[in-house]
Structure formats: structure tokens, C-alpha cells
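What follows is each chain in one-letter form.
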Amino acid sequence: MGAGSSNGVDVLRFKPVDAKKRDVDHEANSALGGELGLEVGVPVIGYVGRLSADKGLTHLANALDVLGSKGIDHQLLIVGGVDDSAASEALERFHRGGRAPIQTGHVGDPAPFYRLMDVLCLPTRREGFPNVVLEASATGIPTVTTNATGAIDSVVDGETGFITPVDSAVSMAEALATLLEDPARRARMGEAARRRAFEHYRQPLVWQALETFYAQSIPRALQSSAVAMAASKEL
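Residues numbered from 1 in each chain as written. Predicted model: local features only at pLDDT ≥ 70, side-chain atom pairs only at ≥ 80, totals over all residues. Heavy atoms only, no water.

**Here we look at the packing of aromatic side chains**
The geometry of two aromatic rings is summed up by the distance between their centres and the angle between their planes.
Thinking step 1. With the rule as written, the count across this model stands at two aromatic pairs.
Thinking step 2. Ring plane angle 80 degrees and centroid distance 5.8 Å describe the contact between phenylalanine 14 and tyrosine 114, whose orientation is recorded as edge-to-face. With phenylalanine 14 in the segment before helix H1 (22–36) and tyrosine 114 in helix H4 (residues 111–114), this residue pair connects regions lying 100 residues apart in the sequence.
Thinking step 3. Under the relative-accessibility criterion, phenylalanine 14 is labelled buried at 3%.
Thinking step 4. Tyrosine 114 gets classed as buried once you look at its relative accessible area, which sits at 0%. (Phe/Tyr/Trp six-rings, centres within 6.5 Å; stacked < 30°, edge-to-face > 60°. Helix = DSSP H or I, 4+ residues; strand = E, 2+ residues; numbered from the N terminus. Buried < 20%, exposed > 50% of the residue type's maximum accessible area, 1.4 Å probe, protein only.)

What follows is the structure in C-alpha cells.
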């Protein structure tokens, strides 16, 4: 609906650190990061969602291997539960890498976890319109994703993140490296992502578009149905 999402995103719930409460928010972030075991000063690649083969986790593992081979330091934060055996195999790959991933399992509210991330990675192989990208964008986090249907529409390539070919670990690693090694560009893309989420995907805007669609469509449908019924009576 509208720019592609059927429900939009709550930009008041998913938001960057509040400038007016910066000290409080940073303290909460530090406490959560410390509780999870994240290392201060090491860029965080985030993944949010169910862990399954169609989410491209093996592809992500390959991309992280490329980053490691280039000496690009990072840590992986996985927010979500395991869905199938392929995901379990990918997790084993992550653990064999240079730095063990942090896995939360399923969480009731992912909003605080986005604020721990420097970049969201969605390596999906097939997708509807991904809510996780909207949530990260609203939080001011750029996204690296693929050109899978749905995912390709969630990011403006080079502006709010990067779009890479499905299953291209080298391309995904290059996009991640660009953001991990350039904090200023990462910040600019995060700000652009936040603006796009606010301008096109905030929930009141999407809900109004949905209401307008139904208001226009239902009378037309009823009129068509009435015409069809009248025509059938004449037969």
C-alpha cells in the first residue's frame, strides 16, 4: 500500500537515540550491549528475523568469511529464533568464524536491539516487503540487502543502504565493508533511511492510504456486483 508496506512502521517506537535523553539512552544501550556480551568499539552487523534457509544465512556466513579474510573487524548480533536445520548449520559456520555471534533468540520487543546495530543485513533469497528494514530505517540504521522481490523495494541503493545480488557473498561483503569502514557515510545513510521511513512509511500515513483504498474500492465492487446480479436476472 502506498510505497509498498501494508502496515508501515511505528516511528515513535523504532527511533534513534533521543538527543534530549542522550545520556540516558546511551546508558541503556551500554547496559543491554554489556548484558549481551557485545564488545565496545567493534561495529555491529545486525540480523533480525526467523533463522531459516530462505533468509540466506549461509550467504551471510560466506560474506562474513570474506570480511574476516580482509581483516575487517565486526561482530554479529542475531535477533531471532532458529527455524530449520539449514539455519543451525549457518549458526555453526558463524561460530567457526573469528568472533562468536551474539544470538538473543526470540524477543518480545526488538526495538532496543536495533539501537545496538551499526548496519542491518538482510541476506534474504525470497521476501515480501520486509518489516525489519522499515524498523531499522526508522531507527536510523542503513541496510544491506539483496535484489530479491520485496527486499529490493525496501532500500534506495546507495542512499539508505545497499542492494546486492542474491547469493553474491562477495558483493554483500563489499557493501558491508563500505559501511563498516566509513562511519560518516553510515551515519548519512542512516539519517536518509530515517527520513524515508518517516515520509513514506509511518503508520498513520499508511493506514490513511489503506482507508482511502477501501473507501474507493468497496462502492465500486458493490456497484459491479449489483450490475452483475441485474444482468443475471434478465437472462
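From this point, things continue past the structure.
**Digging into helix H5 (residues 131–138)**
Thinking step 1. Along H5, seven of the eight residues are buried, which leaves the element largely enclosed by surrounding structure.
Thinking step 2. Among the residues making up H5, those that are buried are Val132, Val133, Leu134, Glu135, Ala136, Ser137 and Ala138.
Thinking step 3. Buried residues along H5 sit against strand E1 (44–48), H4, strand E4 (119–122), strand E5 (143–146) and helix H7 (183–201).
Thinking step 4. In the segment just after H5, glycine 140 is the residue with positive phi, at about 85 degrees. (Contact = heavy atoms within 4.5 Å.)

**A closer look at the environment of proline 110**
Thinking step 1. With respect to the helices, strands and loops of the structure, proline 110 is situated in the loop between strand E3 (102–103) and H4.
Thinking step 2. Assessed through its relative accessible area of 15%, proline 110 is described here as buried.
Thinking step 3. Each residue touching proline 110, except ones within four places of it in the same chain, is listed here: Arg13, Phe14 and Glu135.

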